[in-house]
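Results of the structural survey
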Amino acid sequence: PDDGYRLWLKYDLIKDAPKREAYARSAQFIALNGTSPILKSAADELQMGLQGLLGRTVPIIANAGSRTGGIVLSVASAPNVGAQSLAADGYQIVARKAGNITIFGKNDSGVLYGAFALLRQLQTGQQVENLSLTSNPKIQYRMLNHWDNTNGTIERGYAGESLWKWYELPNTVDPRYRDYARANASLGINGTVVNNVNASARFMTAEYIEKVAALANVFRPYGIRIYLSIYFPAPKTIGGLKTADPLDPEVRKWWADKTKEIYKVIPDFGGFLVKANSEGEPGPQDYGRTHADGANMLADALRPYDGIVMWRAFVYKADPKADRFKAAHEEFTPLDGKFDKKVIVQVKNGPIDFQPREPFSPLFGNMPKTPLSVEFQITQEYLGFATHWVYEAPLFKECLDTDTYVKGKGSPSGGATVAKVIDGSVHQYAMTAIAGVANTGSDRNWTGNPMAQANWYAYGRLAWDHSLSSEGIADEWVKMTLTHEPKAVKTITDLMLKSREIYVDYNTPLGLSRPWSGVHFAPEPWQEKSVRPDWTAIYYHRADSIGLGFDRTATGSNALAQYRPEVQQQWSNPETCPLPYLLWFHHVPWTKKLSTGRTLWDELCTRFYTGADSVVWMQKQWAQVKPAVDPAIFADVTGRLITQRKEAIWWRDSWVLYLQTYSKQPIPASLPKPE
Ligand code: GCU
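Per an unreviewed UniProt entry, the chain goes by the name Xylan alpha-1,2-glucuronidase and belongs to Spirosoma fluviale. As stated in UniProt under Subunit (unreviewed entry), the record for the chain gives "Homodimer." The UniProt entry for the chain carries the following text under Sequence similarities (unreviewed entry): "Belongs to the glycosyl hydrolase 67 family."

This is the structure in structure tokens:
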């Protein structure tokens, strides 16, 4: 049985014999013009993939000469076949009748991405005859962020221990690191931050730099650069200095020397990721300096090299009177234009923290002079860990496709969506980036829940091309990973597409947010005390005898004012605010009639109950695909769905019973009776 280790790169024999033979006729050899390690990875991957898919060994040769019927890999600007020109990392695949299939790459990585794209064509059963396919990444730095610690644990990781075996490195190099790199390269991911944003200073020691360098050596042939999260006071804690003040000359020299030391062993080091003055992490503000002062100091240290600083905007203060929603915008917009050109500011998709549904962060569109990247969370911190089945592409897309209206109404480019802000088309950013917090770990199947592999996949595909659809990505992933049986493909993709909305319904419907305490698993809406006032549930949901929800209009925190008028208009009127966002922006009376014809209370109950019941529907749908999927994966997901059902009921009941103490109303009789 399949243990899920091979992810979407399974390369099982294509069962349809005529199709397989047709592919084989076009893939009689792999001609590799070039010798670089990345090109070699491309040829090796093709050979391995074709071995599996076609059941034969396809030779790698140095030059096609006059031979036809093979695959030619070449770094070259693509010929003029009417297609768009290639950008860095872009590729073009051209299949000529009675000729060869040529994969042109703008650079070595482009060839590698083209090789994976050709394999994907075969894996998903597409035509290769007359193929003409051009693809350029829309974003330059396509990053995974690992929240991994030196002791092997992963912050918010639910799939085992860290992949990185720090105790063994640098001398023992687990072959799995290469498979990790292959999986990422297959999606076009080209950078990875290997340690937690709550960073240990140890990563800046010679001991750890050497370990990190060993990982970099494995990733390099796959076009992946390594980055490190830094602990801002490292010059004090490991450098013996009296201060970590970013304007202090000795501190600046310490970082410059440290950076030099890193580049000596990792010549293609990518740069630093920084969480500073955030959730207790120290930072430049401890010395009366700004985020820009801190970031620019690091940019200076990186000046001689091709490395960058990714400075996170995840900041908020423990102030019961303030609205955390507004904090990042308040702190960062005054700094627009003050960051060095080597700095990208990394912004979480929403203003709070990776909730099951959030409005987009109001920073997007409001930092025209500072490249912003969006940070998504692939690991399911607030999405039921590895037990609940939530396909995240619709969540990513919802943010990416929302119009910020910073270019006014109906701008010619089809709107200044969040995607177009971060891909640089709105403000012509000189650098563009996107980050996803990884959901991988040491579990054999990488992600704990086999269905969560689709979230890693979807993030990577969207990082390359944010215009892809959630449905298209799901269809590809299912075919590459689970089955080609048409009915099962349809059933599973349909389940995936509905899974996030079902989760929202039984977890945080109508725009509820953050009903969690410490571990962020089950909602605990009754949590009214914590070490910080803004770490209680009531701070967010604001339940009282009148109603529920956080008033962020002018009568409340007025966080809405951080958005453009067109956006405000969509959300500021409780009568017309779309229901999924209602309680994000309004304190709504329990008895208020909503657009559905039900009162707020009845609507809430309806969502919680139908959400929890929909898990039964998921179970039934999944049961139908049994003959089409691997028995081990089928059994694994079946088990998780039983748990998901049980927990959905708990979560529904904890919310409903808690809120009932305020609403003082019965659960509508029309709802299905509990089992
Ligand atoms: C969340 C998460 C933390 C994490 C933080 C961050 O608050 O719960 O574990 O460190 O985000 O993104 O920095």
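**Observations regarding the pairing of strand β10 (residues 271-274)**
Pairing of strand β9 (residues 225-230) with β10 involves four bridges; the strand directions are parallel. Bridge pairing in β10 places Ser-229 opposite Leu-273. Inspection of the sheet shows β10 paired to strand β11 (residues 308-312) by four bridges, in the parallel sense. Across the sheet, Val-274 pairs through a bridge with Trp-311, a residue of β11. Handedness of the β10-helix α8 (residues 291-302)-β11 crossover: right-handed.

**Looking at the packing of helix α2 (residues 37-54) against helix α3 (residues 108-123)**
Where α2 meets α3, the axes come as close as 8 Å, and the angle between the chain directions of the two elements is 10°. Taken as axis vectors, α2 and α3 run roughly parallel relative to one another. Between α2 and α3, the contacting residues are Ile-38, Leu-39, Ser-41, Ala-42, Glu-45, Leu-46, Gly-49 and Leu-53 on the first element and Asp-108, Ser-109, Val-111, Leu-112, Ala-115, Phe-116, Leu-119, Leu-122 and Gln-123 on the second. Here the contact of α2 with α3 is built from residues that sort into 11 nonpolar, four polar and two charged.

**Comments concerning the environment of Pro-18**
By secondary structure assignment, the location of Pro-18 is in helix α1 (residues 17-25). Spatially, the C-alpha atoms of Pro-18 and Lys-348 are 48 Å apart, while their sequence positions differ by 330 residues.

**Remarks on the sheet that holds strand β7 (residues 141-145)**
Strand order in the closed barrel formed by eight strands is β7-β8-β9-β10-β11-β12-β13-β14, with parallel pairing between adjacent strands. Averaged over neighbouring strand pairs, the angle between their axes works out to 25° when direction is ignored. In this sheet, strand β12 (residues 343-348) lies alongside β11 in parallel orientation, the contact comprising four bridges. Considered in β12, the bridge of Val-309 is made with Val-343. Sheet strands in contact with α8 are β10, β11 and β12, and its direction is about 160° off that of β11.

**Considerations on the site of the ligand**
The immediate surroundings of the ligand are formed by Glu-155, Arg-156, Val-197, Asn-198, Lys-275, Glu-279, Phe-314, Asp-353 and Glu-381. Grouping the amino acids of the shell around the ligand by side-chain chemistry returns two nonpolar, one polar and six charged.

**Points about the sheet that holds strand β4 (residues 91-95)**
The strand order across the open sheet built from six strands is β2-β1-β3-β5-β4-β6, with neighbouring strands paired in mixed fashion. A single partner strand is all that each edge strand has here, and the edge strands are β2 (60-61) and β6 (132-135). As paired elements, strand β1 (residues 30-32) and β2 share two bridges and run parallel to each other. By the bridge assignment for β2, Ile-30 is matched with Ile-60. Across the face of the sheet, α3 comes into contact with β3 (71-75), β4, β5 (101-105) and β6 while running at roughly 140° to β5.

**Here's the deal with α8**
Helix length check: α8, at 12 residues, gives a terminal C-alpha distance of 17 Å against a target of 16 Å (1.5 Å per residue), a fit within 8%. Taken together, the buried positions of α8 are His-291, Ala-292, Gly-294, Ala-295, Asn-296, Met-297, Leu-298, Ala-299, Ala-301 and Leu-302. Tucked inside the fold, the buried residues of α8 contact α7 (249-265), β10, β11, α9 (327-332) and β12.

**Quick word on the domain arrangement of the chain**
Splitting the chain by domain gives domain 1 (17-135), domain 2 (141-469) and domain 3 (504-663). Of note, the centres of domain 1 and domain 3, computed from C-alpha atoms alone, are 47 Å apart.

**Topic: the nonpolar core**
Formed by 205 residues in total, the largest nonpolar core has its most connected members in Leu-73, Ala-115, Val-309 and Val-345. By residue number, the principal contributor to this core is helix α18 (residues 600-624), which donates nine residues. Residues within four places of Val-345 in sequence aside, it is in contact with Trp-311, Ala-313, Phe-332, Phe-339, Met-367, Thr-370 and Leu-372.

**Some points on the environment of Leu-50**
Structurally, the position occupied by Leu-50 is in helix α2. As for Leu-50 and Ile-14, which are separated by 36 residues in sequence, their C-alpha atoms are 10.0 Å apart. Not counting the four nearest positions on each side in its chain, Leu-50 is found in contact with Ala-27 and Val-58.

**Description of unusual backbone geometry**
Each neighbour pair has its own omega, and for Leu-169 with Pro-170 the value is 5°, a cis peptide bond. Mapped onto the elements of the fold, Pro-170 is located in the loop between β7 and α4 (176-185). One non-glycine residue, Phe-354, adopts positive backbone phi at about 50°. Here Phe-354 is to be found in the loop between β12 and β13 (372-377). Classification of Phe-354 as buried rests on a count of 23 C-beta atoms within 10 Å.

**Focus on the environment of Glu-392**
Topologically, Glu-392 is positioned in the loop between β13 and α10 (393-400). Glu-392 gets classed as buried once you count the C-beta atoms within 10 Å, which come to 25. Linking Glu-392 and Phe-339, residues 53 residues apart in sequence, is a C-alpha distance of 32 Å. Dropping the residues within four chain positions of it, Glu-392 is found in contact with Ile-378, Asn-455, Ala-458 and Arg-500.

Parameters and conventions
- Residues numbered from 1 in each chain as written.
- Predicted model: local features only at pLDDT ≥ 70, side-chain atom pairs only at ≥ 80, totals over all residues.
- UniProt positions renumbered as here; feature names shortened; annotations may be inferred.
- Pairing = 2+ DSSP bridges.
- Helix = DSSP H or I, 4+ residues; strand = E, 2+ residues; numbered from the N terminus.
- Right-handed = clockwise from strand over helix to strand, strands pointing away.
- Axes fitted to C-alpha atoms, helices over the stretch in contact; angles between N-to-C directions.
- Parallel < 35°, antiparallel > 145°, perpendicular 65-115°, else oblique.
- Contact = placed C-beta atoms within 7 Å.
- Nonpolar A, V, L, I, M, F, W, Y, C, P; charged D, E, K, R; others polar.
- Near = placed C-beta within 6 Å.
- Expected span 1.5 Å × (residues − 1).
- Buried ≥ 20, exposed ≤ 12 C-beta atoms within 10 Å, placed from the backbone.
- Domains from an automatic or database assignment.
- Core = buried A, V, L, I, M, F, W, Y, C linked by C-beta atoms within 7 Å.

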